[in-house]
Amino acid sequence: MRYIGCHLSASNGNLAMVRTAQEIGANTFAFFTRNPRGSKAKAEDPADCAAAMEELKKLGFGKLVAHGAYTMNLCTADPDARKFAAGVLCDDLRRMASLPGNFYNFHPGSHVGQGTETGISQIVDALKKALAPGYPVTVLLEAMAGKGSEIGGKFEELKDIIEGVGSNQVGVCLDTCHIWDAGYDIVNDLDGVLQEFDRVVGLDKLCALHLNDSKNPLASHKDRHECIGDGNLGLATFEKIINHPVLAGLPMILETPNELPGYAREIALLRGLEK
Ligand code: FE
Ligand code: FE
Ligand code: ZN
């Protein structure tokens with residue numbers, strides 16, 4: 001049994017997402033902690049969080065994978081904007097404390113000029129401060145396509161951030177579209193890519209997957225998601241991923257271009273590939 005789900009709208013609260021997930025055959029899900037293209041967050045609702053937690057436990061769901069806003073760039077060049085982003089991270093992690101034990105995934109950031117090394121140290125600083133209060137959440141760095149000055153397109157960069165923070169509350173979420181676009185050939189050598197991840201970062205840090213096909217070829221550095229089986233990864237790659245023993249317990253989240261009925265079909269498609 002695999003934990004498979006998709007991105008859901010958080011607008012009706014956490015318990016509503018659990019219900020929706022159930023309806024579409026999911027047993028995990030992802031959601032944005034705030035407006036993904038802005039920074040506004042909804043008012044907190046402790047009763048809704050508690051009810052959702054109880055239901056998740058009862059239904060045996062896998063860990064949830066919350067997603068930080070795309071606009072939260074912890075290594076932006078402007079110091080005020082960087083401070084603001086660091087504050088958003090702190091607030092998100094504090095909010096995650098009402099859904100204890102789940103994951104908070106975010107895009108490490110784009111250094112837009114200061115260079116990878118400076119960018120990494122700025123991300124490390126923000127994470128160290130935000131994690132200091134010891135919230136019950138594991139923060140996941142999303143592996144990126146390496147578009148522009150994006151940090152996280154190389155396993156080495158993820159390792160440098162994890163080592164820099166030095167906390168066991170930091171892990172990695174591998175997005176299949178992103179790592180393919182970054183140049184990791186999971187179509188022809190999934191085992192080799194996982195071995196490389198293990199060598200550089202360590203498989204014990206691998207906490208979640210984003211399952212997306214890609215509109216673009218290997219090492220294109222583009223990041224355009226495609227529906228499962230319709231892109232350059234193809235169904236055979238997802239069959240290998242779904243059945244890979246190393247990936248078995250991880251939450252697998254679809255972020256494909258779909259509405260709910262499309263997600264329901266893709267979840268069923270993936271479950272049909274389980275051996
Ligand atoms: Fe993402
Ligand atoms: Fe992703
Ligand atoms: Zn993406």
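Reading the values: rules and limits
Residues numbered from 1 in each chain as written. Chains lettered and ligands numbered in written order. Predicted model: local features only at pLDDT ≥ 70, side-chain atom pairs only at ≥ 80, totals over all residues. Heavy atoms only, no water. Helix = DSSP H or I, 4+ residues; strand = E, 2+ residues; numbered from the N terminus. Buried < 20%, exposed > 50% of the residue type's maximum accessible area, 1.4 Å probe, protein only. Expected span 1.5 Å × (residues − 1). Arc of directions from axis to C-beta. Core = buried A, V, L, I, M, F, W, Y, C linked by side-chain atoms within 4.5 Å. Contact = heavy atoms within 4.5 Å.

## Some thoughts on the environment of Gly148
Here Gly148 is to be found in the loop between strand S6 (138-142) and strand S7 (150-151). By relative accessible area, Gly148 is classed as exposed at 76%. The spatial distance from the C-alpha of Gly148 to the C-alpha of His221 is 8.0 Å, given a sequence separation of 73 residues.

## Details of helix H9 (residues 260-273)
Think of an α-helix as turning once every 3.6 residues; residues three or four places apart then point the same way. Taking 1.5 Å per residue, 14 residues should reach 20 Å; H9 reaches 20 Å between its end C-alpha atoms and fits that length. Looking at H9, one finds that the buried residues are Gly262, Tyr263, Glu266, Ile267, Leu270 and Leu273. Around the axis of H9, the buried residues are gathered within 135° of arc, so they sit on the same side. Across from the buried face of H9, at angles greater than 90 degrees, the exposed residues are Pro261, Arg265 and Gly272.

## Side note on the nonpolar core
Within soluble globular proteins, side chains that are nonpolar generally end up buried alongside one another. Core analysis: the largest hydrophobic core is formed by 75 residues, its most contacted members being Phe29, Tyr104, Phe155 and Leu211. Here this core takes seven residues from helix H4 (residues 116-131), the largest share from any one element. Residues in contact with Leu211, not counting those within four places in the same chain, are Thr176, Ile228, Phe238, Ile241, Ile242, Met252, Ile253, Leu254, Glu255, Thr256 and Leu270. Grouped together as the second largest cluster of nonpolar side chains are eight residues, Leu140, Cys207, Ala208 and Ile253 included.

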